[in-house]
Amino acid sequence: MPSPTANARDLVVLDGYLSAARCDALLDAVAAYRAEHPLPLIERPGTPRALRYRVIDGEQVHAHLPALEDLYREVLAIVREHFGAAVVPLRHRVAGVNVNLVPPGGEYRWHYDRNAVTALLYLNRVDGGETEIYPGYRVSLGRWQASPLQQRLDGVLQWGPVRRVFGRMRSIAPAVGRLVLMRGDRSLHAVRAVTGSDERINLVMTFDVPGARHLQERALDPYLYAASTDTPDFDPNYTPKVPGTGGG
Ligand SMILES: O=C(O)CCC(=O)C(=O)O
Ligand SMILES: [Fe+2]
């Protein structure tokens, strides 16, 4: 299967993709959903940056927020223009369309996504809360991208001094209707702390090549979506090596 980014750039920023009126309508729909379904704060300690946010996951979106699934299909067309016609919505619905809600003081740790292409759509403007992205920075082991070896490689490249010498970071501020498309599994990214008094609200839409499978799903989903789960003592973006299996 060819990479969806053959000949495409790793990062595309489209200002004003969605009108302020449509953003407001989506914010209203999110607020109405929350009034009925309180969202727990998910906190995963970490250095140099933690994960501290609230999320409406793809299953909740599917059941209660159909307007977001319509938008997911609209964005798919734009994603295909930039990353090729082979790209499809994620088969794993819980991670397909998410609403991220980052409160003041909240942030999102450094990571690569499991999937090939990720779209971020900001619904409001806040102070702080920039998405910081090193486009195409990863040295990828391809189908072994959840392996312990990939984890070690990513760890070296993520180290501050290495990042500063070898990486070129883009900092993208949340702005109403701004759409960001990136190679999610190749671009190291994180969200800086929200500094103002407003909550940052954006959509995260994920796409992949047909038939892609992600071994890390079992540990990653509860880590990202279930507040009650204990934080594991391994990084759920990678599949831990199970003694005796020789693999991972
Ligand atoms: O909200 C953002 O700017 C990035 C969120 C993100 O990286 C994710 O949900 O995987
Ligand atoms: Fe991400």
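Data block above holds the structure.
Owing to the predicted nature of the structure, the values given are computational and were not obtained by experimental measurement.

What counts and what doesn't
- Residues numbered from 1 in each chain as written.
- Chains lettered and ligands numbered in written order.
- Predicted model: local features only at pLDDT ≥ 70, side-chain atom pairs only at ≥ 80, totals over all residues.
- Heavy atoms only, no water.
- Donors = N, O, S within 2.8 Å, 3.2 Å for Na, K, Ca; no water.
- Helix = DSSP H or I, 4+ residues; strand = E, 2+ residues; numbered from the N terminus.
- Buried < 20%, exposed > 50% of the residue type's maximum accessible area, 1.4 Å probe, protein only.
- 1 Å grid on protein atoms, 1.4 Å probe; cavity = no way out; pocket = protein on both sides within 12 Å on 5 of 7 lines; lining within 4 Å.
- Points joined across faces, edges and corners; volume = space filled by probe spheres on them.
- Nonpolar A, V, L, I, M, F, W, Y, C, P; charged D, E, K, R; others polar.
- Salt bridge = Lys/Arg side-chain N within 4 Å of Asp/Glu carboxyl O.
- Core = buried A, V, L, I, M, F, W, Y, C linked by side-chain atoms within 4.5 Å.
- Contact = heavy atoms within 4.5 Å.
- Near = heavy atom within 4 Å.
- Polar contact = N/O pair within 3.5 Å; in protein donor to acceptor, adjacent residues only side chain to side chain.
- Areas by Shrake-Rupley, 256 points an atom, 1.4 Å probe, with all protein chains shown as cover.
- Sits in = over half its atoms within 2 Å of the grid points.
- Pairing = 2+ DSSP bridges.

Novice: Explain the coordination of the iron ion (ligand 2) to me, please; I cannot follow it from the model alone.
Specialist: Perfect tetrahedral coordination of a metal by four donors corresponds to 109.5 degrees between them, and perfect octahedral coordination by six donors corresponds to 90 or 180 degrees. With distances of 2.1 Å, the protein atoms coordinating the iron ion (ligand 2) are His111 (NE2), Asp113 (OD) and His189 (NE2). Sequence positions of the residues that donate to the iron ion (ligand 2) give the spacing H-x1-D-x75-H. On the criterion of sequence distance, the pair formed by aspartate 113 in the loop between strand 6 (108–111) and strand 7 (117–122) and histidine 189 in strand 11 (residues 188–191) is long-range, its members being 76 residues apart. Here aspartate 113 falls in the buried class, since its relative accessible area comes to 14%.

Novice: How should empty space enclosed by the protein be read in this particular structure?
Specialist: A probe matching the size of a water molecule, rolled over the atoms, marks out where space remains unfilled. The final tally for this structure, using the stated rule, is 1 cavity of 30 Å³ or more. Quantified by volume, the largest cavity comes out at close to 380 Å³. In terms of lining residues, the largest cavity is bounded by 28 residues, among which Tyr108, His111, Asp113, Val204 and Leu224 are the most central. Broken down by secondary-structure element, the contributors of at least two residues to the lining of the largest cavity are strand 3 (51–56), strand 5 (97–102), strand 6, strand 7, strand 11, strand 12 (200–208) and helix 6 (217–225). The residue makeup of the lining of the largest cavity, split by class, is 14 nonpolar, 10 polar and 4 charged.

Novice: Can you help me understand the pattern of salt bridges in this one?
Specialist: Side-chain pairs of opposite charge can arise where the charged atoms are in close proximity. What the rule picks out here adds up to 13 salt bridges. Here glutamate 199 makes a salt bridge to arginine 34, at a shortest N to O gap of 2.8 Å. Here glutamate 199, found in the loop between strand 11 and strand 12, pairs with arginine 34, found in helix 1 (residues 20–36); they are 165 residues apart in sequence, far enough to count as distant. Between aspartate 185 and arginine 183 there is a salt bridge whose closest N-O contact spans 2.9 Å. On the accessibility criterion, arginine 183 (2% relative accessible area) is buried.

Novice: What exactly am I supposed to notice about the nonpolar core here?
Specialist: Generally speaking, soluble globular proteins have nonpolar side chains that are buried together. Counting residues in hydrophobic clusters, the biggest one holds 49 residues, and the most contacted among them are Tyr53, Ile56, Val99, Leu203, Met205 and Phe207. When contributions to this core are tallied by element, the ones reaching two or more residues are helix 1, strand 3, helix 3 (66–83), strand 5, strand 7, strand 10 (179–183), strand 12 and helix 6. With 8 residues, helix 3 is the single largest residue contributor to this core. Not counting residues within four places of it along the chain, the set of residues in contact with phenylalanine 207 comprises Tyr72, Val75, Leu76, Val79, Val87, Val88, Pro89, Leu90, Asn115, Ala116, Val117 and Ala119. Of all hydrophobic cores here, the second largest spans 9 residues; its members include Tyr112, Tyr137, Leu157 and Ala190.

Novice: What's the story with the site of ligand 1 in this structure? I'm lost.
Specialist: Residues in contact with ligand 1, as listed here, are Asn100, Tyr108, His111, Asp113, Leu120, Thr131, His189, Val191, Arg200, Asn202 and Val204. At 2.6 Å from an oxygen atom of ligand 1 is found a side-chain nitrogen or oxygen belonging to threonine 131. Contact between ligand 1 and histidine 189: an oxygen atom at 3.0 Å from a side-chain N or O atom of the residue. Expressed as a share of its isolated accessible area of 300 Å², the protein-covered part of ligand 1 is 94%. The cavity that encloses ligand 1 is the largest cavity.

Novice: For this particular structure, what's the right way to read the pairing of strand 12?
Specialist: Side-chain positions along a regular strand alternate between the two faces of the sheet. Where burial is concerned, most of strand 12 is hidden: 9 out of the 9 residues are buried. Both faces of strand 12 are covered, namely the face carrying Arg200, Asn202, Val204, Thr206 and Asp208 and the face carrying Ile201, Leu203, Met205 and Phe207. Relative to strand 12, strand 4 (residues 88–89) is paired through 2 bridges, and the arrangement is antiparallel. Its bridge partner lying in strand 12, valine 88 is registered against aspartate 208. The pairing of strand 5 with strand 12 spans 6 bridges and is classified as antiparallel. Across the sheet, residue valine 97 finds its bridge partner in strand 12, namely methionine 205.

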